[in-house]
Amino acid sequence: MTRMKAFLLILLLLPIPSWAMSYFEELGWINSESKVPSLLLYPEQVEALYQDEPNLIWHDMQESTQLEFQLEIIQRAGFSPLISRQLSYLRFYRKSNLWYEYDLLATDTLIFYMSYAEQAKRMGHAWFFEGKLNSVLPPPSEEALFELRNSASSSQLAELIETYTPDTNGYMNLINAYLEVAHHQGKQLPKYQQSGVKRVGDQLENKPLLLERLKVVDVDLDGVRIDISWYDKTLEVAIKQFQGIHGLYRDGVIGPNTMKWLNMAVEDRMAMLALNAERARIWPDQRERLILVNVPGFDMEYWYGGESVFTSRVVVGRETRQTPVMVTNLNALILNPSWNVPWKIMVEDIIPKVQEDIGYLEKMNIEIIPKWGSSETINPIEIDWETLNPKAFPYKMRQMSGDYNALGLYKFNTPNNRAIFLHDTPSKSLFNRASRAFSSGCVRVQYADKFANLLLKSQGLDTDRIKAAEDTANKAISLRKRIPVHIIYQTAWSEKGTVQYREDIYSLDRLNSTKG
């Protein structure tokens, strides 16, 4: 034990080897008081790169500006305190003209950015929806490091950064919108206020400020009259455009919902655009065969053969029963489905209604069964509903196919352990709502009949099979090829060149703004 203590004491007295002390200090780039050694995340890779060519590599301001901008997008998105820290030090070194420190940290942070880009598909869900990126990632691939060495030696770092940055139209449109909104950052616009709601013909208390607020999201104001202070038809056109890009009713009435979006802080809108731009890294690129459901957008799109062949409004899970971000596969169409009632819905929704009115089960065509798949049914009269604790209910419930069935006439089968699937619904009126978060987690499709026919047709299956099964319960038609189903969460996206904004219905954007 004594010998071990002596050995440890010797270790403590010996100088700790440092790559910076042994190499970059010898070059005269940094001194012993520099903070750079403690900031670097990949010291071995950085030293290896500069040993090949001990020269500064960030001498082109355009390249360093490009790197800082990509880091700024991540910083604005709010999910990586680590990248925010690195960017703050880079800006400090640049403004202080500490170019050796800047060069080393910029190279190290580029390595981190490359690793981030490589792993975003696999790890992005955790970064964007569950936690935060605040730990060092594994170094990028050997191929990536080889590309870095070549780019550094040939002064092509800008091209390298572009390689690891999305180049889709959707991503670029969000970035362009971010830059447009950023122009208003220094204006410190006050909130637009008015008395009551405003319609065409009403006097406006502060029309110039209203127009400034509309300019933030690039609403077309060319035709709007500025020589009058009241709400006229030319302004109504602009208000309806503003409402449309925020998913509001295009009624031209300036009410609470329109006011809420008008007064969104510029910084908050920039954060929203940045976060959704980065989320674009994890969504699917292929459009050969794909179903895409965007939860905050309350819509779905079916792509086949590289073309969009079907779009529909959807109803998604309410806040207490959220539709999860997930990937699954559609493998079959089920006609006239019965519904195995999930335990939570049975306990929280159905049993309390039965305790008030035992006739509810018959009215809704719901059976009580001892276990799933059983043909045996249990008479509800035999159950003491008055004293029953819903959570102790020992049986299952199954709703038979028919007019009242919660799944409607079509179930689009997507096997997964969360029991989330797409389906028809008898509650058609909900599709007329602007905000459509009403379900218990599954996705209700507005034009389910058209979607069912198109699915069979695109797979080369006979659509007459649907009509032939009109009187058959749970008739399954297997698809020849499974269709990937991606349920995503984008509160901002580009649609036909126009950026759309939607309510953060599950507070997943706000999670990023606070978790850092």
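Residues numbered from 1 in each chain as written. Predicted model: local features only at pLDDT ≥ 70, side-chain atom pairs only at ≥ 80, totals over all residues. Heavy atoms only, no water.

### Quick look at the domain arrangement of the protein
- According to the domain assignment, the protein consists of domain 1 (21–165), domain 2 (178–282) and domain 3 (283–501).
- Of note, the centres of domain 1 and domain 3, computed from C-alpha atoms alone, are 46 Å apart. (Domains from an automatic or database assignment.)

### Side note on the nonpolar core
- Among the nonpolar cores identified, the biggest contains 156 residues, and Leu214 and Met397 are the most heavily contacted of them.
- Considering every element that reaches this core, the biggest residue donor is helix H7 (residues 99–130), with 15 residues.
- The contact partners of Leu214, leaving out residues within four places of it in the chain, are Val219, Leu221, Leu235, Ala238, Ile239, Phe242 and Leu262. (Core = buried A, V, L, I, M, F, W, Y, C linked by side-chain atoms within 4.5 Å. Buried < 20%, exposed > 50% of the residue type's maximum accessible area, 1.4 Å probe, protein only. Helix = DSSP H or I, 4+ residues; strand = E, 2+ residues; numbered from the N terminus. Contact = heavy atoms within 4.5 Å.)

### Things to note about the packing of aromatic side chains
- All told, the structure shown has 24 aromatic pairs when counted by the stated rule.
- Relative to Tyr116, the ring of Tyr113 lies with its centre 6.2 Å away and its plane at 35°, an arrangement referred to as tilted. In this pair, Tyr113 and Tyr116 are both assigned in helix H7, three residues apart and thus about one turn of the helix distant. A single burial state applies to Tyr113 and to Tyr116, both of which are buried.
- Pairing Tyr302 with Phe451 gives two aromatic rings, centres 5.8 Å apart and planes at 75°, and the pair type is edge-to-face. Of this pair, Tyr302 sits in strand S2 (residues 299–304) while Phe451 sits in helix H17 (residues 448–458); the two residues are 149 residues apart in sequence, bridging distant segments of the chain. No difference in accessibility class separates Tyr302 from Phe451, as the two residues are buried.
- In this structure an aromatic cluster arises from ring pairing among Tyr23, Phe24, Trp29, Tyr50 and Tyr100.
- Positioned above the aromatic ring of Tyr501, the side-chain terminus of Arg269 is 4.5 Å from the ring centre.
- Geometry around Phe421 places Lys411 over its ring, the cationic atom sitting 4.5 Å from the centre. (Phe/Tyr/Trp six-rings, centres within 6.5 Å; stacked < 30°, edge-to-face > 60°. Lys NZ or Arg CZ within 6 Å of the ring centre and 35° of its normal.)

### A look at the UniProt feature "active site" (unreviewed entry) in the protein
- Mapped onto the present numbering, the UniProt feature "active site" (unreviewed entry) falls on His423 and Cys442. The annotated residues occupy 20 residues of the chain but converge on a single region, no pair of C-alpha atoms lying more than 7.7 Å apart.
- Summarising the element assignment, His423 is placed in strand S9 (residues 422–423).
- Looking at His423, the relative accessible area reads 5%, which means it is buried.
- Every residue in contact with His423, bar those within four places of it in the chain, is listed here: Ala406, Leu407, Tyr410, Lys411, Phe412, Cys442, Val443, Arg444 and Val445.
- With respect to the helices and strands, the residue Cys442 is situated in the loop between strand S10 (437–439) and strand S11 (443–445).
- The class of Cys442 is buried, set by a relative accessible area of 13%. (UniProt positions renumbered as here; feature names shortened; annotations may be inferred.)

### Some words on the pairing of strand S3 (residues 307–317)
- As paired strands, S2 and S3 are joined by six bridges and run antiparallel to one another. By the bridge assignment for S3, Tyr302 is matched with Phe310.
- Across two bridges, S3 lies against S11 in antiparallel orientation. Of the residues in S11, the one forming a bridge with Val315 is Arg444. (Pairing = 2+ DSSP bridges.)

### Overview of the pattern of salt bridges
- Scanning the model with the defined rule gives 17 salt bridges in all.
- A salt bridge links Glu72 to Arg91; the nearest nitrogen and oxygen atoms lie 3.4 Å apart. One end of the pair, Glu72, is in helix H5 (residues 61–77); the other, Arg91, is in helix H6 (residues 81–95), and 19 residues separate them in sequence.
- Arg91 sits in the partly exposed class, given a relative accessible area of 23%.
- The closest approach of N and O atoms between Glu348 and Arg321, which form a salt bridge, is 2.8 Å. Taken as a pair, Glu348 in helix H15 (residues 343–356) and Arg321 in the loop between S3 and strand S4 (326–335) lie far apart in primary sequence, 27 residues in all.
- Taken together, the shared-partner salt bridges in this structure form one network comprising Arg318, Arg321, Glu348 and Asp349. (Salt bridge = Lys/Arg side-chain N within 4 Å of Asp/Glu carboxyl O.)

### Observations concerning the confidence of the model for the protein
- In the predicted model, the protein carries a mean pLDDT of 92, and 95% of its residues have values of at least 70.
- A low-confidence stretch, residues 1–21 stays under pLDDT 50, and its non-local contacts, those more than four residues away or across chains, total ten contacts. (pLDDT = per-residue confidence, 0-100.)

### Comments concerning H5
- The first and last C-alpha atoms of H5 sit 24 Å apart over 17 residues, in line with the 24 Å expected at 1.5 Å per residue.
- When we look at burial in H5, the residues that qualify are Glu63, Ser64, Gln66, Leu67, Glu68, Gln70, Leu71, Glu72, Ile73, Ile74 and Ala77.
- Among the residues of H5, the N-terminal cap falls to Asp60, whose side-chain oxygen and the backbone nitrogen of Gln62 are separated by 2.9 Å.
- Taken from the residues just after H5, Gly78 is the one with a positive phi, measuring 85°. (Expected span 1.5 Å × (residues − 1). Polar contact = N/O pair within 3.5 Å; in protein donor to acceptor, adjacent residues only side chain to side chain.)

### Structural notes on the environment of Leu333
- By secondary structure assignment, the location of Leu333 is in strand S4.
- With residues up to four places along the chain from it excluded, the contact list for Leu333 reads Tyr410, Lys411, Phe412, Ala452, Leu456, Ile466, Lys475, Ala476 and Ile477.

### What about the sheet that holds strand S7 (residues 396–399)?
- The strand order across the open sheet built from three strands is S5-S7-S6, with neighbouring strands paired in antiparallel fashion. The open sheet has two edge strands with one neighbour each: strand S5 (339–340) and strand S6 (366–369).
- Across two bridges, S5 lies against S7 in antiparallel orientation. Bridging across to S7, Asn340 finds its partner in Arg398.
- Contacts from H15 reach S5, S6 and S7, with the element oriented near 75° to S7. (Axes fitted to C-alpha atoms, helices over the stretch in contact; angles between N-to-C directions.)

### Some details on the side chain of Asn336
- Looking at the element boundaries, Asn336 is found in the loop between S4 and S5.
- In terms of polar contacts, Asn336 uses its side chain to reach the backbone carbonyl oxygen of Ala469, at 2.8 Å.
- Dropping the residues within four chain positions of it, Asn336 is found in contact with Ser401, Leu409, Ala469, Glu470, Asp471, Thr472, Ala473 and Asn474.

### Here we look at a negative patch on the surface
- A grouping of Glu180, Asp218, Asp220 and Asp222 is seen on the molecular surface, where their side chains present a negatively charged patch.
- Residue position: Asp220 is located in the loop between helix H11 (207–215) and helix H12 (233–245).
- On the basis of relative accessibility, which here comes to 46%, the residue Asp220 falls in the partly exposed class. (Patch = residues over 30% accessible without salt bridge, like charges linked within 9 Å, V, L, I, M, F, W, Y side chains within 5 Å. Areas by Shrake-Rupley, 256 points an atom, 1.4 Å probe, with all protein chains shown as cover. Lys, Arg positive; Asp, Glu negative; His and termini not counted. Charge placed at Lys NZ, Arg CZ, Asp CG, Glu CD.)

### Details of unusual backbone geometry
- Here Asn97, not a glycine, exhibits a phi torsion of approximately 60°, which is positive.
- Here Asn97 is to be found in the loop between H6 and H7.
- Positive phi, close to 55°, is recorded for Ser155, a residue that is not glycine.
- Along the chain, the position of Ser155 falls in the loop between helix H8 (142–153) and helix H9 (157–163).
- A relative accessible area of 39% places Ser155 in the partly exposed class.

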